Amino acid sequence: MNVALGGTFDPIHDGHRKLFERAFELGDVTVGLTSDELAEQTRSVDREVRPFEERKRDLEAELDAIADDYDSEFEIRKLEEPTGIATEPTFDVLVVSPETKATGERINDIRAERGLDPLDIEVVDHVRAEDGDIISSTRIVQGEIDEHGNLTPERDGR
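Calculation rules
Residues numbered from 1 in each chain as written. Predicted model: local features only at pLDDT ≥ 70, side-chain atom pairs only at ≥ 80, totals over all residues. Heavy atoms only, no water. Phe/Tyr/Trp six-rings, centres within 6.5 Å; stacked < 30°, edge-to-face > 60°. Helix = DSSP H or I, 4+ residues; strand = E, 2+ residues; numbered from the N terminus. Buried < 20%, exposed > 50% of the residue type's maximum accessible area, 1.4 Å probe, protein only. Contact = heavy atoms within 4.5 Å. Axes fitted to C-alpha atoms, helices over the stretch in contact; angles between N-to-C directions. Parallel < 35°, antiparallel > 145°, perpendicular 65-115°, else oblique. Left-handed = near helix turned anticlockwise from the far one by under 90°. Nonpolar A, V, L, I, M, F, W, Y, C, P; charged D, E, K, R; others polar. Salt bridge = Lys/Arg side-chain N within 4 Å of Asp/Glu carboxyl O. Polar contact = N/O pair within 3.5 Å; in protein donor to acceptor, adjacent residues only side chain to side chain.

Participant: Looking at this structure, I do not really get the packing of aromatic side chains. What am I missing?
Facilitator: Geometry of an aromatic ring pair is reported as the spacing of the ring centres plus the angle between the planes. Under the criterion given, the structure shown has 3 aromatic pairs. Pairing Phe-24 with Tyr-70 gives two aromatic rings, centres 6.5 Å apart and planes at 15°, and the pair type is stacked. Of this pair, Phe-24 sits in helix α1 (residues 14-26) while Tyr-70 sits in helix α3 (residues 52-70), and the two are 46 residues apart along the sequence. Taking relative accessible area as the criterion, Phe-24 reaches 2% and is therefore assigned buried. A ring pair is formed by Phe-24 and Phe-74, whose centres lie 6.4 Å apart and whose planes are at 85°; its orientation type is edge-to-face.

Shown next as structure tokens:
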């Protein structure tokens, strides 16, 4: 199966890793990585996002290790719009988090308008930090937790 998923992935954390692992369990993976412009537009909290090339380098390193475990292939492509690559006919499955499920449904609407089959939408639950709240890149950048969800009251962001 050809699997798509997308995001900003800055910084990468255990919640992202859970998405990646599920995607590789399903097949070969194409990850849409938000462009710098799109990353700025899709932030619900105003915060710094590292440049595309830095995020892509870190994402490749993460995906290399997971892809080897599943004997799968992956590709990283730049996302210029929220519905991104998943509207293309080559995909079978879209892996999303609970907050991006609505985008997945919008992608299937676009696919239907184009005469394409809908994607199976695979929702992967959040990973919780040790305080019970979800692990998020924003919380990491703000210094609340580390990439694994451990509380880091002594840290001051990145």
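Participant: Got a minute to help me understand the environment of Asp-133 in this structure?
Facilitator: Summarising the element assignment, Asp-133 is placed in the loop between β5 (120-123) and α5 (137-141). The exposure class assigned to Asp-133 is partly exposed, which follows from its relative accessible area of 44%. Residues Asp-133 and Gly-149, 16 residues apart in the sequence, show an inter-C-alpha distance of 8.9 Å. Those residues in contact with Asp-133 that lie beyond four places of it in its chain are Val-127, Arg-128 and Arg-139.

Participant: So what exactly am I meant to see when it comes to the environment of Thr-138 here?
Facilitator: Inspection of the secondary structure puts Thr-138 in helix α5. It is 16 Å that separates the C-alpha atoms of Thr-138 and Leu-38, two residues lying 100 residues apart in sequence.

Participant: So what exactly am I meant to see when it comes to the packing of α1 against α3 here?
Facilitator: Helix-helix packing: each pair is described by the crossing angle between the helix axes and the interaxial distance. At their nearest, the axes of α1 and α3 sit 10 Å apart, and the two run at 40° to each other. As judged from the angle between their axes, α1 and α3 are oblique. Between α1 and α3 lies a crossing of right-handed hand. Residues Arg-17, Phe-20, Glu-21, Phe-24 and Glu-25 of α1 pack against Leu-59, Glu-62, Leu-63, Ile-66, Ala-67 and Tyr-70 of α3. Looking at the contact of α1 with α3 residue by residue, the class counts come to 7 nonpolar, no polar and 4 charged.

Participant: I tried to follow the pattern of salt bridges on my own but got confused; where do I start?
Facilitator: A side chain of one charge can pair with a side chain of the opposite charge if their charged atoms are brought near each other. A full pass over the atoms with the stated rule returns 14 salt bridges. For Glu-88, the salt bridge identified is with Arg-77, shortest N-O distance 2.6 Å. Here Arg-77 lies in strand β3 (residues 74-79) and Glu-88 lies in the loop between β3 and β4 (93-96), a separation of 11 residues in the sequence. Judged by its relative accessible area of 26%, Glu-88 is partly exposed. Put simply, Asp-131 and Arg-139 hold a salt bridge, and the shortest N to O gap is 2.5 Å. Taken together, the shared-partner salt bridges in this structure form one network comprising Asp-10, Arg-50, Glu-54, Arg-57 and Asp-58.

Participant: Hey, could you run me through the side chain of Thr-83 in this one?
Facilitator: Within the fold, Thr-83 resides in the loop between β3 and β4. Accessibility expressed as a relative area gives 9% for Thr-83, which makes it buried. Within polar-contact distance, the side chain of Thr-83 engages the side chain of Glu-81 at 3.1 Å.

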